[in-house]
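Working through the structure, step by step
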Amino acid sequence: MNKKDNSDFSSKMKALNDLIQNSRNIVFFWGAWVSTESWVPDFRSKDWLYNQHDIQFDHYQPEYLLSHSCLYNEPQVFFEYYRQKLDCRGIKPNITHYKLAELEKAGKVSAVITQNIDGLHQSAWSEKVIELHGTTQKVYCDTCNKNYNSDFLFTDKRAIPFCTCGGIVRPDVTLYEESLPSDAWNNAMQAIAKADLFIIGWTSLTVYPANTLVQFFRWKHLVIINKDPTPQDQFAELVFHENLGKVFEKVEIR
Ligand SMILES: [Zn+2]
């Protein structure tokens, strides 16, 4: 990084910290990548899935392996994949998760809307979390709705984890072909509409639901943090093309 970039970054951080200082209803919206900095892979990130195929998954599309069709037509494939790739146990929150929790404690945050399914915001003690795609931390029977410990899917030794009632025990995540949980969607829309500062991180803002949700924010201050430019950059007051962690380690809690 040259000197100019450095001073640009410092002046943008000052502007961001001033915005945070002057806001009361901050809403954060994270695409699927906030946790990549804690080593939870993004499902469609080519650095991960496409380059580290296990042989038996080679002839499947990545989206299919996390789809409703796969769970119900080839459940043994679904659970093998889930167990190998989506075991979030033992993964710790990173600086971004912790800073958001501190901002919430300081009374600044009205919602953290996330497409991540790892539960790391809650591990860092955020409470106002809206999980648009559900969470791996909740597990239930699709037939009798009985709740199971999230470890069950990993500790049960059967190829397909069945409930005592005969139903399939599945994670409470929104799979491809399934609709987003309507409560989460409605809460997200309402929070965004009322936000005085909207900070969007790590989404290209080109695919549903991010491209739709951003339209509910019509006024005041928009900040975008993404590794690449997005179509909404022109509307933002501040744009960072940086890792979330680099920005959030400099966020001040005043
Ligand atoms: Zn059951």
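In case you missed it, the structure is sitting above this.
Residues numbered from 1 in each chain as written. Predicted model: local features only at pLDDT ≥ 70, side-chain atom pairs only at ≥ 80, totals over all residues. Heavy atoms only, no water.

1. Topic: the overall build of the protein chain
When you go through the protein chain residue by residue, the secondary structure sums to 11 helices and nine strands. Counting over 254 residues, the protein chain shows a buried share of 51%. For the protein chain, the share of sequence-separated contacts (at least 6 apart) that also reach a separation of at least 24 residues comes to 67%. Split by element, the accessible area of the protein chain, about 12,700 Å² in all, is 50% carbon and sulfur. (Helix = DSSP H or I, 4+ residues; strand = E, 2+ residues; numbered from the N terminus. Buried < 20%, exposed > 50% of the residue type's maximum accessible area, 1.4 Å probe, protein only. Contact = heavy atoms within 4.5 Å. Areas by Shrake-Rupley, 256 points an atom, 1.4 Å probe, with all protein chains shown as cover.)

2. Some words on the sheet that holds strand β4 (residues 134–141)
Within a sheet, neighbouring strands are paired by backbone hydrogen bonds and run either parallel or antiparallel to one another. Pairing is antiparallel across the open sheet formed by three strands, whose spatial order is β5-β4-β6. The open sheet is flanked by β5 (147–148) and β6 (169–173), the only strands paired with a single partner. By the bridge criterion, two bridges tie β4 to β5 in an arrangement that is antiparallel. When the bridges of β5 are listed, V139 appears paired with Y148. Those strands touched by helix α5 (residues 75–85) are β4 and β6, and its axis lies near 60° from that of β6. (Pairing = 2+ DSSP bridges. Axes fitted to C-alpha atoms, helices over the stretch in contact; angles between N-to-C directions.)

3. Brief notes about the coordination of the zinc ion
Surrounding the zinc ion are the protein donor atoms C141 (SG), C144 (SG), C163 (SG) and C165 (SG), at 2.3 Å. Around the zinc ion sit four donor atoms; with metal-centred angles ranging over 103 to 116°, the donor geometry is tetrahedral. Counting along the primary sequence, the residues that act as donors to the zinc ion give the motif C-x2-C-x18-C-x1-C. Of this pair, C144 sits in the loop between β4 and β5 while C165 sits in the loop between α8 (152–155) and β6; the two residues are 21 residues apart in sequence, bridging distant segments of the chain. Judged by its relative accessible area of 39%, C144 falls in the partly exposed class. (Donors = N, O, S within 2.8 Å, 3.2 Å for Na, K, Ca; no water. Tetrahedral: all angles 85-135°; square planar, octahedral: opposite > 155°, others 65-115°.)

4. Here we look at the nonpolar core
Counting residues in hydrophobic clusters, the biggest one holds 25 residues, and the most contacted among them are F78, F79, Y148, L153 and V169. Going through the elements one at a time, α4 (68–73), α5, β4, α8 and β6 are the ones with two or more residues in this core. Among the elements that make up this core, the one with the highest residue count is α5 (five residues). Here this core spans two domains, since at least three of its residues come from each of domain 2 (41–87) and domain 3 (141–168). Excluding residues that lie within four positions of it along the chain, F79 makes contacts with L71, L153, A159, I160, P161, I168, V169, R170 and P171. V27, I113, A184 and L222 belong to the second-largest nonpolar core, a separate cluster that totals 24 residues. (Core = buried A, V, L, I, M, F, W, Y, C linked by side-chain atoms within 4.5 Å. Domains from an automatic or database assignment.)

5. A word on the packing of aromatic side chains
For the coordinates displayed, the defined rule picks out 10 aromatic pairs. A centroid spacing of 5.8 Å and a plane angle of 20° characterise the contact between Y82 and F154, whose relative ring orientation is stacked. Of this pair, Y82 sits in helix α5 while F154 sits in helix α8, and the two are 72 residues apart along the sequence. Geometrically, the ring pair formed by Y148 and F152 is tilted, given 4.6 Å between the ring centres and 40° between the ring planes. For Y148, a relative accessible area of 15% gives the class buried. Linked through ring pairs, F78, F79, Y82 and F154 together constitute an aromatic cluster. For the cation-ring pair, K246 lies above F9, with the distance from its terminal atom to the ring centre recorded as 4.2 Å. (Phe/Tyr/Trp six-rings, centres within 6.5 Å; stacked < 30°, edge-to-face > 60°. Lys NZ or Arg CZ within 6 Å of the ring centre and 35° of its normal.)

6. Things to note about the sheet that holds strand β9 (residues 238–240)
Reading across from one edge, β3-β2-β1-β7-β8-β9 is the order of the six strands in this open sheet, with parallel pairing throughout. A single partner strand is all that each edge strand has here, and the edge strands are β3 (129–131) and β9. Averaged over all adjacent pairs, the angle separating strand axes in this sheet is 15°, with direction ignored.

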